[in-house]
Amino acid sequence: MKFRIARSALVDAVSQVSKAVSTRTTIPILTGIKVTADEEGILFTGSNADLTIQVKVPLREEDKEIVVLERMGNTVLPGRIIGELVRKLPEDEVEWEVDERRVATIRSGQAQFQLNAMDPEEYPRLPELVEDRKFSLPADLLQTMIRQTVFAVSTSEARGVLMGVLWQLEGGKLRLVATDSHRLSRREAEVEAPEDLTLTNVIVPGKSLSEVGKILADRSGWVDIVVSDNQLLIKTTHLQFFTRLLSGNYPDTDRVIPKGGKTELVLSTKELLESVDRASLISRDGRDNVIKWVVSDDGRVEVSSAAQDVGSVTEEVVARVSGEPMSISFNARYMIEALRAVDSDEIRILLTGPMTPFSIRPADSDDSLHLIVPIRTR
């Protein structure tokens, strides 16, 4: 194998696939990044058995030469070293060569590295998915849907499927749901899908989706999603992202979402977020990070928190209130994370009782929903 490649393209590809490379694994080959050079360009692959990321660097893009290919082949090099090495190369072009003794030579300017490569035949083959369950949506929309849900997954391995995000598809509408049983986040959107395609219990690990969200953050265009029995593939023009699916049945979350309420608040997302954030300066030193609201029917919401040994805070937020007065306590972090996920200037909060889950929605749409379970206080 021998080629020259633009350093910027090399750094980008290696940084993307490195997200899937495991540093702690019983399978040594998975600590490496596989590099394949063929007539289409250079393909970089990183995998940790649960998650696989592939990035293709084409020979040319927009009439600009990125790769000069002299000899095809493939190799596997230590992922941690390559990740650091390519970022520190001095020149804009990198020469890459692997000889028959499996020694890789990487040159840039006056710098030359020699690395012992691993046998590429030992690297696991990628799953080949039948694309009969496939749909598409804009990359920025998928990134937004992930951002607005993934933070609510459970971090406890004892919770099984709750460590994943539920994907459901029916009638061309995709729904993502995440819950840790104390709070819930849901986002819906129209996608391009065959009329007869229905998905009911596709559970994608939260960790995998967090990485997808980072990768899609600066990408435009459309994304194709392919679903199999135990794998999900997300692919763009030069990227393929495979993740295993979690097995088990996700709980029916529709039954916990209140259909009505006793009190409705409409208020500024930014003002409420800043108020809860200030109150959490006191509450986060307490055991449950608890904040209390007292809602008056004259349009005032009193936000307060107190922690023994620290102190207390009280302030008022203006709201449009309809319904009866109510007081309710909740975890400040849950509220802050939900409010940060809302892409709307105003929010609508529906309270049903001091110990009943309450909902948070954008005031101008129903495509997203956050639910928080109140905390019982003395």
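This section reports on the structure supplied with the text.

What counts and what doesn't
Residues numbered from 1 in each chain as written. Predicted model: local features only at pLDDT ≥ 70, side-chain atom pairs only at ≥ 80, totals over all residues. Heavy atoms only, no water. Helix = DSSP H or I, 4+ residues; strand = E, 2+ residues; numbered from the N terminus. Buried < 20%, exposed > 50% of the residue type's maximum accessible area, 1.4 Å probe, protein only. Lys, Arg positive; Asp, Glu negative; His and termini not counted. Charge placed at Lys NZ, Arg CZ, Asp CG, Glu CD. Pairing = 2+ DSSP bridges. Axes fitted to C-alpha atoms, helices over the stretch in contact; angles between N-to-C directions. Contact = heavy atoms within 4.5 Å. Phe/Tyr/Trp six-rings, centres within 6.5 Å; stacked < 30°, edge-to-face > 60°. Core = buried A, V, L, I, M, F, W, Y, C linked by side-chain atoms within 4.5 Å. Salt bridge = Lys/Arg side-chain N within 4 Å of Asp/Glu carboxyl O. 1 Å grid on protein atoms, 1.4 Å probe; cavity = no way out; pocket = protein on both sides within 12 Å on 5 of 7 lines; lining within 4 Å. Points joined across faces, edges and corners; volume = space filled by probe spheres on them. Nonpolar A, V, L, I, M, F, W, Y, C, P; charged D, E, K, R; others polar.

### Concerning the overall build of the protein
Here is step 1 of the chain: Across its full length, the protein holds six helices and 28 strands.
Here is step 2 of the chain: Projected onto the principal axes, the alpha-carbon positions of the protein cover approximately 80 × 55 × 40 Å.
Here is step 3 of the chain: Counting only residues that meet the buried cut, the protein has 52% of its 378 residues in that class.
Here is step 4 of the chain: Computed over 47 positive and 59 negative side-chain charges, the separation of the two mean positions in the protein equals 5 Å.

### Brief notes about the sheet that holds strand β3 (residues 41-47)
Here is step 1 of the chain: Strand order in the open sheet formed by eight strands is β8-β2-β3-β4-β19-β18-β17-β12, with antiparallel pairing between adjacent strands. The strands lining the two open edges of the sheet, one partner per strand, are β8 (73-78) and β12 (134-138). Within the sheet, the average angular offset between the axes of one strand and its neighbour, ignoring direction, is 15°.
Here is step 2 of the chain: Helix α2 (residues 79-87) contacts β2 (32-38) and β8 of the sheet and is inclined by roughly 95° relative to β8.
Here is step 3 of the chain: Its contacts with the sheet put helix α3 (residues 139-147) on β12, β17 (222-227) and β18 (231-235), and the angle it makes with β12 is roughly 90°.

### Some words on the pairing of strand β1 (residues 2-6)
Here is step 1 of the chain: Both β1 and strand β9 (residues 93-98) contribute to a ladder of five bridges, which runs antiparallel. In the sheet register, Arg-4 faces β9, and the bridge partner there is Glu-95.
Here is step 2 of the chain: Across four bridges, β1 lies against strand β7 (residues 67-71) in antiparallel orientation. Along β7, the bridge assignment pairs Lys-2 with Arg-71.

### As for the packing of aromatic side chains
Geometrically, a pair of aromatic rings is defined through the distance of the ring centres and the angle of the planes.
Here is step 1 of the chain: A complete count under the given rule lists five aromatic pairs for this structure.
Here is step 2 of the chain: The interplanar angle of 45° and the centroid separation of 6.3 Å between the aromatic rings of Trp-293 and Phe-358 together place this pair among those described as tilted. Of this pair, Trp-293 sits in strand β21 (residues 290-295) while Phe-358 is found in strand β27 (residues 358-362), placing the two residues 65 residues apart along the sequence. There is no split in this pair, since Trp-293 and Phe-358 are both buried.
Here is step 3 of the chain: Aromatic side chains Phe-330 and Phe-358 sit 5.7 Å apart centroid to centroid with 65° between the ring planes, which places their arrangement in the edge-to-face category.

### A few points about the sheet that holds strand β25 (residues 326-331)
Strands pair in a sheet through their backbones, by hydrogen bonds, and they do so in one of two ways: parallel or antiparallel.
Here is step 1 of the chain: With antiparallel pairing, four strands are arranged side by side in an open sheet as β23-β22-β21-β25. On the outer flanks of this sheet lie β23 (311-318) and β25, each paired with one strand and no other. Neighbouring strand axes in the sheet, compared pairwise and without regard to direction, differ in orientation by 20° on average.
Here is step 2 of the chain: Where β21 meets β25, six bridges bridge the pair, whose relative direction is antiparallel. Looking at the pairing, Ile-291 lines up with Phe-330 of β25.

### Focus: the nonpolar core
Here is step 1 of the chain: Ranked by internal contacts, the top residues of the largest apolar core, which has 68 residues, are Phe-44, Trp-96, Phe-135, Trp-167 and Ile-225.
Here is step 2 of the chain: Here this core gets six residues from one element, more than from any other, and that element is helix α1 (residues 7-18).
Here is step 3 of the chain: Not counting chain neighbours up to four residues away, the residues in contact with Trp-96 comprise Met-1, Lys-2, Phe-3, Leu-10, Val-35, Thr-75, Leu-77, Ile-82, Thr-105 and Ile-106.
Here is step 4 of the chain: Counting 30 residues, the second largest nonpolar core, distinct from the first, contains Leu-265, Val-303, Leu-339 and Ile-347.

### Quick word on the side chain of Ser-185
Here is step 1 of the chain: Within the fold, Ser-185 resides in strand β15 (residues 183-190).
Here is step 2 of the chain: Filtering out sequence-adjacent residues up to four positions away, Ser-185 remains in contact with Gln-148, Thr-149, Phe-151, Ala-152, Leu-176, Val-177, Ala-178, Leu-369 and His-370.

### Details of the pattern of salt bridges
When the charged atoms of two side chains with opposite charge come close together, those side chains can pair.
Here is step 1 of the chain: One pass over the full model with this rule turns up 30 salt bridges.
Here is step 2 of the chain: Across the salt bridge formed by Glu-40 and Lys-56, the nearest N and O atoms sit 3.8 Å from each other. Of this pair, Glu-40 sits in the loop between β2 and β3 while Lys-56 sits in strand β4 (residues 51-58), and the two are 16 residues apart along the sequence.
Here is step 3 of the chain: Assessed through its relative accessible area of 16%, Lys-56 is described here as buried.
Here is step 4 of the chain: Connected via shared salt-bridge partners are Lys-2, Arg-4, Glu-70 and Glu-93.

### Description of empty space enclosed by the protein
Here is step 1 of the chain: Considering all chains together, one arrives at one cavity of 30 Å³ or more under this definition.
Here is step 2 of the chain: In this structure, the largest cavity occupies an estimated 30 Å³ of space.
Here is step 3 of the chain: As for the largest cavity, its lining consists of Glu-264, Arg-348, Ile-349, Leu-350, Ser-359 and Arg-361.
Here is step 4 of the chain: Going through the elements one at a time, β26 (346-351) and β27 are the ones with two or more residues in the lining of the largest cavity.
Here is step 5 of the chain: A per-class count over the lining of the largest cavity returns two nonpolar, one polar and three charged.

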